[in-house]
Amino acid sequence: MDMIAQKFLSRTMSDLAQNSDDRRAVGLIHGLGRGPGSMTLMANRLEAAGFRTFLMHYRSRHVVPAEAQADLVQQLDALSPGPCDLVGHSLGGVLALRIKIAQPDRIGRVVQLGPPNLGSPMAAFFRDYRLVADLMGPALERLAAADMGLDHLPPEVARDLGIIAGSAPIGPVSGFWGLAEPSDGMVPVSSALGIDHADALITRTVHGMLPLSMGAARQTAAFLRDGRFDTEKSA
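Here the structure is a predicted model, which means the values were calculated and not measured.

Draft legend 1. Region of interest: the packing of helix H3 (residues 65-79) against helix H4 (residues 91-102). At a minimum axis separation of 10 Å, H3 and H4 run at an interaxial angle of 70 degrees. As judged from the angle between their axes, H3 and H4 are roughly perpendicular. The element H3 and its partner H4 pack so that their crossing is right-handed. Between H3 and H4, the contacting residues are Pro65, Ala66, Ala68, Gln69, Leu72, Val73 and Leu76 on the first element and Leu95, Arg98, Ile99 and Ala102 on the second.

Draft legend 2. Geometry of the pattern of salt bridges. Evaluated as defined, the whole model comprises six salt bridges. Its salt-bridge partner being Asp71, residue Arg59 comes within 2.9 Å of it at the nearest N-O pair. With a gap of twelve residues between them, Arg59 in the loop between strand E2 (52-56) and H3 and Asp71 in helix H3 connect regions that are remote in the sequence. Arg59 sits in the partly exposed class, given a relative accessible area of 22%. Of the residues examined, Asp71 reaches a relative accessible area of 8% and is grouped as buried. Between Arg225 and Asp226 there is a salt bridge, and its shortest N-O distance comes to 3.6 Å. Here Asp226 falls in the partly exposed class, since its relative accessible area comes to 36%.

Draft legend 3. Structural context of the pairing of strand E3 (residues 84-89). Among the six residues in E3, six count as buried, and that is most of the element. Burial along E3 is two-sided: Cys84, Leu86 and Gly88 and Asp85, Val87 and His89, pointing in opposite directions, are all buried. Two strands pair when backbone bridges link them, and E3 and strand E4 (residues 107-113) are joined in this way by five bridges, in the parallel orientation. If you follow Cys84 over to E4, its bridge partner there is Ile107.

Conventions used here
- Residues numbered from 1 in each chain as written.
- Predicted model: local features only at pLDDT ≥ 70, side-chain atom pairs only at ≥ 80, totals over all residues.
- Heavy atoms only, no water.
- Axes fitted to C-alpha atoms, helices over the stretch in contact; angles between N-to-C directions.
- Helix = DSSP H or I, 4+ residues; strand = E, 2+ residues; numbered from the N terminus.
- Parallel < 35°, antiparallel > 145°, perpendicular 65-115°, else oblique.
- Left-handed = near helix turned anticlockwise from the far one by under 90°.
- Contact = heavy atoms within 4.5 Å.
- Salt bridge = Lys/Arg side-chain N within 4 Å of Asp/Glu carboxyl O.
- Buried < 20%, exposed > 50% of the residue type's maximum accessible area, 1.4 Å probe, protein only.
- Pairing = 2+ DSSP bridges.

Following this line, the structure appears as structure tokens:
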């Protein structure tokens with residue numbers, strides 16, 4: 001674990017120690033090229049809905065998904081030794097599900113926000129641009145190759161998975177980098193929803209705004225609480 005992660009983990013453990021209670025624990029995992037702060041608003045809204053949240057951090061631009069997963073499991077061991085749910089944005093959603101697969105009895109429900117479960121044409125487009133590839137790191141190659149390891153989910157994992165996918169392409173730009181089908185501007189709906197799941201929701205929200213969406217937070221809380229989204233309300 002790098003120095004930034006160690007400092008973040010120490011600070012988060014201190015916060016949990018001061019605010020321990022019996023509410024359901026939910027870990028939040030950021031996406032590629034982002035940090036824990038990108039999930040703060042979602043965490044605050046889940047707190048208001050009655051959950052106890054904690055933010056997690058991994059070296060998204062420096063390690064392959066397997067190493068990122070190991071970093072996150074190490075944090076889970078320290079932050080929430082008992083059962084907990086996970087919410088992840090983009091690559092963070094993929095990692096949340098991989099942790100669930102590895103520890104199905106420990107991890108309860110998982111909500112993914114704009115997850116590239118079957119890869120992303122955008123990643124395939126940009127991996128040939130050295131500057132972008134170097135900036136985004138080894139995870140970009142896995143996304144381009146659609147090598148997320150989520151092809152066949154066990155039923156006991158799929159029944160606890162809720163997926164929120166965006167369908168709001170960024171005009172002609174999305175088509176330029178290979179996203180001709182419905183997408184959130186970065187991840188196709190077909191990739192997000194292309195694996196077994198318990199429930200799914202499509203929202204008119206662009207990829208980067210999903211963790212900031214009040215509707216997405218409300219729907220995330222509904223799935224964590226009931227195992228299904230509230231179809232009477234849109235995200």
